[in-house]
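The chain contents come next:
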Amino acid sequence: MAPGIRVLILGGTGDAADLTGKMSVIPDIEVITSLAGRTRQPSALPGTVRVGGFGGSTGLAAYLHEHHIDLLIDATHPFAAQISWNAAIAAMEVGIPHLMLVRPAWAKVVGDDWIEVESVAAAALAIPVTAKQVFLTIGKQQLAPFMQLPKIWFLIRSIEPPTPDVAIPNSKLLLERGPFSLEQERQLLHDYGIDAIVSKNSGGDATYAKIVAARELSIPVVLIKRPAMPTGEKVTNVTGALAWLQRTTVLDSMGEKDICGW
Ligand code: NAP
C-alpha cells in the first residue's frame with residue numbers, strides 16, 4: 001500500500017466502528033473518525049476521533065483540505081442523509097476518492113405485514129387504527145409527530161433519552177443499545193402487549209430481530225423507507241470497504257490514480 005494515507009471515516013454506526021477498528025491496524029493508514037456528537041457516551045474507538053458538525057459541505061471541504069485527508073469514507077446511518085450529501089459534494093470539490101458504506105435495506109418476506117411510508121411524519125399517520133400499544137423504535141430525534149396521538153400508548157426504545165421538550169404523554173422509555181436477540185424481542189412484544197411497531201428500514205442484523213418477531217406474531221410494522229442518497233461508489237459491508245481501500249491505495253502507489261487531490 002502507498003505510505004501515509006490519511007482516511008476520514010464519517011461514523012456514528014456499528015459498521016463505522018468496526019471499519020475503524022480494522023483499518024487502524026493496517027500499516028501506513030491513519031484513521032480519523034468523525035462523530036456528530038449526538039451520543040453522550042459513544043463506544044471507544046481507536047485512532048483519532050473528532051466530534052461535532054463541520055458546517056455543511058463547505059466546512060467539510062475545508063476540513064478535508066486543512067487536514068490533508070486522502071480518502072473519505074461515509075459510514076453514517078442510512079437515514080443520516082444530510083451528512084451523506086455534504087460528504088459527496090465536499091469530496092468532489094476537494095477531488096479525493098469517496099466511498100459510501102451502506103448496509104442493505106431489509107427486504108419484505110412472506111409473512112411480513114409492512115406498511116411502508118416515506119417519512120417519520122407519515123409513519124405517525126399510518127399506525128393502524130386498531131393499534132393501542134405501539135413499539136416505537138426510531139431513535140430519540142424525531143419523536144415529535146407521535147406526541148399528537150393521545151389514544152395510543154407507546155413503548156419507546158432508544159440509546160439515549162429524547163430531549164425534555166419531546167414528551168409523549170402515554171409512554172414508557174427503554175434506554176437500550178442493540179444488538180437485540182430474537183428471544184428478547186419476542187418477550188418484549190409479548191410482555192407489553194404490543195400490537196404495532198414503528199421502525200426505520202435501517203437494515204443490518206443488530207435490530208432485525210424485532211422484524212422477525214413481528215412476523216411470527218402477525219404484528220404490523222409501519223416501516224419508514226430510506227431517504228435518497230447521492231450516487232457514487234458504494235459498498236454494503238466492512239469487507240467491501242476494506243477491499244475498496246486496498247484497490248484505491250494500490251492504484252495510487254502504482255501512480256495510476258492521484259488520491260491526494262491537492
Ligand atoms: P444528518 O441529518 O445527516 O446530519 C445533520 C448534521 O449533523 C450534518 O449536516 C452535520 O453537521 C452533522 N453530522 C452528521 N453526522 C456527522 C458525523 N459523522 N460527523 C460530523 N458531523 C456529522 O444526520 P443525523 O440523522 O442527525 O445523524 C447524526 C449521526 O447519528 C450520524 O453520524 C449518524 O451516523 C448517526 N445515526 C443516525 C441515525 C438516524 O436514524 N438518523 C441512527 C443511528 C445513528 P454539519 O452540517 O455542521 O457538518
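What this report covers is the structure whose coordinates are included nearby. (Residues numbered from 1 in each chain as written. Predicted model: local features only at pLDDT ≥ 70, side-chain atom pairs only at ≥ 80, totals over all residues. Heavy atoms only, no water.)

1. Quick look at the sheet that holds strand 10 (residues 196-200)
With parallel pairing, 6 strands are arranged side by side in an open sheet as 6-11-10-7-8-9. Pairing within the sheet leaves two strands with one partner each, and these edge strands are strand 6 (114-117) and strand 9 (171-175). Taking the axes of each pair of neighbouring strands and ignoring which way they run, one obtains an average angle of 20 degrees across the sheet. Bridge count for strand 10 against strand 11 (residues 221-224) is 4 bridges, and the pairing is parallel. Bridge assignment links Val198 to a residue of strand 11, and that residue is Val222. (Pairing = 2+ DSSP bridges. Helix = DSSP H or I, 4+ residues; strand = E, 2+ residues; numbered from the N terminus. Axes fitted to C-alpha atoms, helices over the stretch in contact; angles between N-to-C directions.)

2. What to know about the sheet that holds strand 2 (residues 29-35)
Working definition: the strands of a sheet are paired by backbone hydrogen bonds and lie parallel or antiparallel to each other. In space, the 6 strands of this open sheet follow the order 3-2-1-4-5-12, with parallel pairing throughout. On the outer flanks of this sheet lie strand 3 (48-51) and strand 12 (233-235), each paired with one strand and no other. Going across the sheet, the axis of each strand differs from the next one's by a mean of 25 degrees, ignoring polarity. Taken together, the 3 bridges between strand 5 (residues 98-101) and strand 12 define a ladder with parallel strand orientation. Among the inter-strand pairings, Leu99 is bridged to a residue of strand 12, identified as Glu233. Against the sheet, helix 1 (residues 14-23) makes contact with strand 1 (5-10), strand 2, strand 4 (71-74) and strand 5, and its axis sits at roughly 165 degrees relative to strand 1, the strand it touches most. (Contact = heavy atoms within 4.5 Å.)

3. Quick notes on the site of the ligand
The environment of the ligand is made up of 23 residues, and the closest members are Gly11, Ser34, Phe54, Ile83 and Lys200. Side-chain polar atom of Arg38 to an oxygen atom of the ligand: 2.9 Å apart, as the coordinates give it. One of the backbone nitrogen or oxygen atoms of Phe54 is found 2.6 Å away from an oxygen atom of the ligand. Protein coverage of the free-state accessible area of the ligand, which is 810 Å², stands at 78%. Breaking the shell around the ligand down by element, the ones donating at least two residues are strand 2 and helix 3 (81-94). Among the elements that line the shell around the ligand, the one with the most residues is helix 3, at 4 residues. Looking at the shell around the ligand, its residues break down into 7 nonpolar, 13 polar and 3 charged. (Near = heavy atom within 4 Å. Polar contact = N/O pair within 3.5 Å; in protein donor to acceptor, adjacent residues only side chain to side chain. Areas by Shrake-Rupley, 256 points an atom, 1.4 Å probe, with all protein chains shown as cover. Nonpolar A, V, L, I, M, F, W, Y, C, P; charged D, E, K, R; others polar.)

4. Quick notes on the nonpolar core
Residues Ile127, Leu136, Phe146, Phe154 and Val198 are the most contacted members of the largest nonpolar core, which totals 21 residues. For this core, the secondary structure elements donating two or more residues are helix 4 (120-126), strand 7 (133-137), strand 8 (153-158), strand 10 and strand 11. With 3 residues, the top contributor of residues to this core is helix 4. Dropping the residues within four chain positions of it, Val198 is found in contact with Ala123, Ile127, Val134, Phe135, Leu136, Thr137, Ile138, Phe146, Val222 and Ile224. Of all hydrophobic cores here, the second largest spans 19 residues; its members include Val7, Ile9, Val31 and Leu245. (Core = buried A, V, L, I, M, F, W, Y, C linked by side-chain atoms within 4.5 Å. Buried < 20%, exposed > 50% of the residue type's maximum accessible area, 1.4 Å probe, protein only.)

5. Details of the packing of helix 5 (residues 182-191) against helix 6 (residues 209-216)
At a minimum axis distance of 8 Å, the contact between helix 5 and helix 6 shows a crossing angle of 55 degrees. One element, helix 5, and the other, helix 6, form an angle in the oblique class. Between helix 5 and helix 6 the crossing geometry is right-handed. On the side of helix 5, the interface is formed by Leu182, Glu185, Arg186 and Leu189, while helix 6 contributes Ala209, Lys210, Val212, Ala213, Ala214 and Glu216. (Parallel < 35°, antiparallel > 145°, perpendicular 65-115°, else oblique. Left-handed = near helix turned anticlockwise from the far one by under 90°.)

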